[in-house]
Amino acid sequence: MNLRRITTALGTTAAAALVALSVPTSAFAAEGILEINGVAHENPSGCYPVDRFPTSVTNNTDAIAEVHSGTGCNGQVEWLVYPGETYQTETAQSVFVL
């Protein structure tokens, strides 16, 4: 009988984990437009590469955008672009939306 309880508990835990993982990533996206070098990203989420220099990042979302010195949103955070702000740089390699 004890083995049956353990199996049921594990099955319930696995089902809960699958439901948690199946939530679409858009639920965690910022709302609004993030513009990088004139390219608009609607409801952005995650990391975006910088394709040319100088770079302009305009944040019209409800989240903070991190400007990174490395590719793939690695390296130091060069600047935080708060909602409603624009940042110009010649050294950024990527932008991450929190």
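Described in the following lines is the structure provided in the data block. (Residues numbered from 1 in each chain as written. Predicted model: local features only at pLDDT ≥ 70, side-chain atom pairs only at ≥ 80, totals over all residues. Heavy atoms only, no water.)

Let us look at the overall build of the protein chain. Within the protein chain, the regular secondary structure consists of 1 helix and 8 strands. Traced from its N-terminal end to its C-terminal end, the protein chain shows the element sequence α-β-β-β-β-β-β-β-β. Considering the protein chain as a whole, with its 98 residues, one finds that 30% of them fall into the buried category. Summing over all exposed atoms, the protein chain offers an accessible surface of approximately 6400 Å²; the carbon and sulfur share of this is 59%. (Helix = DSSP H or I, 4+ residues; strand = E, 2+ residues; numbered from the N terminus. Buried < 20%, exposed > 50% of the residue type's maximum accessible area, 1.4 Å probe, protein only. Areas by Shrake-Rupley, 256 points an atom, 1.4 Å probe, with all protein chains shown as cover.)

By the definition in use, this model includes 1 aromatic pair. An angle of 0 degrees between the planes, with centres 5.1 Å apart, marks the rings of Trp79 and Tyr87 as stacked. Given a relative accessible area of 44%, Trp79 falls into the partly exposed group. Owing to a relative accessible area of 14%, Tyr87 belongs among the buried residues under this scheme. (Phe/Tyr/Trp six-rings, centres within 6.5 Å; stacked < 30°, edge-to-face > 60°.)

This part is about the nonpolar core. With 14 residues, the main nonpolar core has Leu34, Val57, Val67, Val81, Val95 and Val97 as its most contacted residues. Val81 has contacts with Val57, Asn59, Ala63, Ile64, Ala65, Val67, Thr86 and Tyr87, leaving out every residue within four places of it along the chain. (Core = buried A, V, L, I, M, F, W, Y, C linked by side-chain atoms within 4.5 Å. Contact = heavy atoms within 4.5 Å.)

Taken in spatial order, the 4 strands line up as S3-S8-S5-S6 in an open sheet, and their pairing is antiparallel. One side of each edge strand has no neighbouring strand; the edge strands of this open sheet are strand S3 (46-49) and strand S6 (77-81). The average angle at which neighbouring strand axes cross in this sheet is 25 degrees, direction not considered. Looking at chain direction, strand S5 (residues 65-68) and S6 are connected through 4 bridges and run antiparallel. The residue of S6 that forms the bridge with His68 is Val77. (Pairing = 2+ DSSP bridges. Axes fitted to C-alpha atoms, helices over the stretch in contact; angles between N-to-C directions.)

Applying the stated criterion across every chain, the model contains 1 disulfide. With a sulfur-sulfur separation of 2.1 Å, Cys47 is cross-linked through a disulfide to Cys73. Here the disulfide of Cys47 and Cys73 is right-handed, its torsion about the S-S bond being about 100 degrees. Residue Cys47 is found in strand S3, and its partner Cys73 is found in the loop between S5 and S6; the two are separated by 26 residues along the sequence. Cys47 gets classed as partly exposed once you look at its relative accessible area, which sits at 35%. Judged by its relative accessible area of 13%, Cys73 falls in the buried class. (Disulfide = S-S within 2.5 Å.)

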